[in-house]
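# Observations on the three-dimensional arrangement
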Amino acid sequence: MRIIFLTSVLLLLFSGCSQDKKVNNLDGKKLLEQKCTKCHNIDLPPKTFKDEKAPAMMAVAFHVVHFIKTEDESQRIPKAIAFVKDYVINPSASKSFCDKASLKTYGIMPSQKGKVTQDELQAIAEYMFSHFTEKNLNEAQLLENKLNAMPKGERLVLKNGCLSCHKVDKKIVGPAFRDIAKRKGNSLAVLMHSIKNGSKKKYASSKGAVMPAFKKLRDADVKTIAQWILSLKSQKDKK
Ligand code: HEC
Ligand code: HEC
């Protein structure tokens, strides 16, 4: 669940800066997902598994860009793209930039001849070298660290879109979470009930706006969220 969420945040982040240039209207990202994820993990930051079939795509892109030989730096990406177009059809141990130990573990990549065209590979490779960059990796890692450092309740609130109507310290559509926490009679059970079933006309400040029911949230998550909201009561004011 968290991975799915992370991915969508990352997509939001990156859709603005990775220019997905389309080759003949081919979508490199989609093609990569269709044709390469059977073996290569495409998460950013990359995930590695115990019985993975191939190195993560981040590692592949990194290898190819950094190890390709070129006198002229402006040719680095075009050469990297040409390498991918050739390698996927005609892979070999002597061409691979993988170290010997990895090659032994994974075996040489099976040729994908007949499964992907040169135009599709052009689109895939262009996407690879605009998406799996050090800059995007660093940003993704920072975001992941930030999310990991949050209390779980806060992460759930972010993930479930509560922040479109609530802030910790300030009323927007709904009351500030801190004011909810401080309201007399608001126990864990009361908050859990309101999150699950919604609430209306309880807060004069919300001027008739309604708290929608979140029936689909798991009880355990509702509890974690309600506990987090209540914990804000005793927290010192912060910005
Ligand atoms: C059936 C599994 C499989 C599929 C599908 C697959 N690969 Fe691979 N790939 C591998 C393995 C295993 C390696 C590592 C061994 C090697 O370098 O040949 C590899 C290595 C590579 C390399 C060389 C990496 C390096 O560091 O030198 C590139 C480039 C590559 N893959 C691109 C792709 C692209 C692009 C696709 C989708 C069109 C794809 N692969 C689909 C298994 C696969
Ligand atoms: C569409 C806007 C909206 C969204 C989205 C929303 N809320 Fe609310 N929320 C409100 C409003 C408006 C109120 C005040 C309703 C009232 O006056 O009874 C409220 C009230 C509450 C209360 C106080 C209930 C009580 O009994 O005192 C809690 C707790 C709460 N929201 C939690 C959440 C959580 C957690 C989420 C996300 C899962 C969320 N809200 C998403 C608008 C929203």
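Residues numbered from 1 in each chain as written. Chains lettered and ligands numbered in written order. Predicted model: local features only at pLDDT ≥ 70, side-chain atom pairs only at ≥ 80, totals over all residues. Heavy atoms only, no water.

Another point: the coordination of the iron atom of ligand 2. Taken together, His166 (NE2) and Met211 (SD) make up the protein donors of the iron atom of ligand 2, found 2.0 to 2.1 Å from the metal. For the iron atom of ligand 2, the six donor atoms in the first shell make angles of 87 to 179° at the metal, so the coordination geometry reads as octahedral. Of the two residues, His166 sits in the loop between α8 (152–159) and α9 (177–182) while Met211 sits in the loop between α10 (188–197) and α11 (219–231), which places them 45 residues apart along the sequence. According to the relative accessible area criterion, Met211 is partly exposed, its value standing at 22%. (Donors = N, O, S within 2.8 Å, 3.2 Å for Na, K, Ca; no water. Tetrahedral: all angles 85-135°; square planar, octahedral: opposite > 155°, others 65-115°. Helix = DSSP H or I, 4+ residues; strand = E, 2+ residues; numbered from the N terminus. Buried < 20%, exposed > 50% of the residue type's maximum accessible area, 1.4 Å probe, protein only.)

What follows is about unusual backbone geometry. Each neighbour pair has its own omega, and for Leu44 with Pro45 the value is -5°, a cis peptide bond. As for its placement among the helices and strands, Pro45 is situated in the loop between α2 (28–36) and α3 (57–67). One non-glycine residue, Lys201, adopts positive backbone phi at about 60°. Within the secondary structure, Lys201 is located in the loop between α10 and α11.

Of all residues adjacent to ligand 2, which total 29 residues, the nearest are Cys162, Cys165, His166, Ser194 and Met211. In the environment of ligand 2, a nitrogen atom lies 2.8 Å from a nitrogen or oxygen atom belonging to the side chain of His166. Separating an oxygen atom of ligand 2 from a side-chain N or O atom of Tyr203 is a distance of 2.5 Å. Only α9, α10 and α11 provide two or more residues apiece to the shell around ligand 2. Of all the elements, α10 adds the most residues to the shell around ligand 2, at four residues. Classifying every residue of the shell around ligand 2 by side-chain character gives 18 nonpolar, eight polar and three charged. (Near = heavy atom within 4 Å. Polar contact = N/O pair within 3.5 Å; in protein donor to acceptor, adjacent residues only side chain to side chain. Nonpolar A, V, L, I, M, F, W, Y, C, P; charged D, E, K, R; others polar.)

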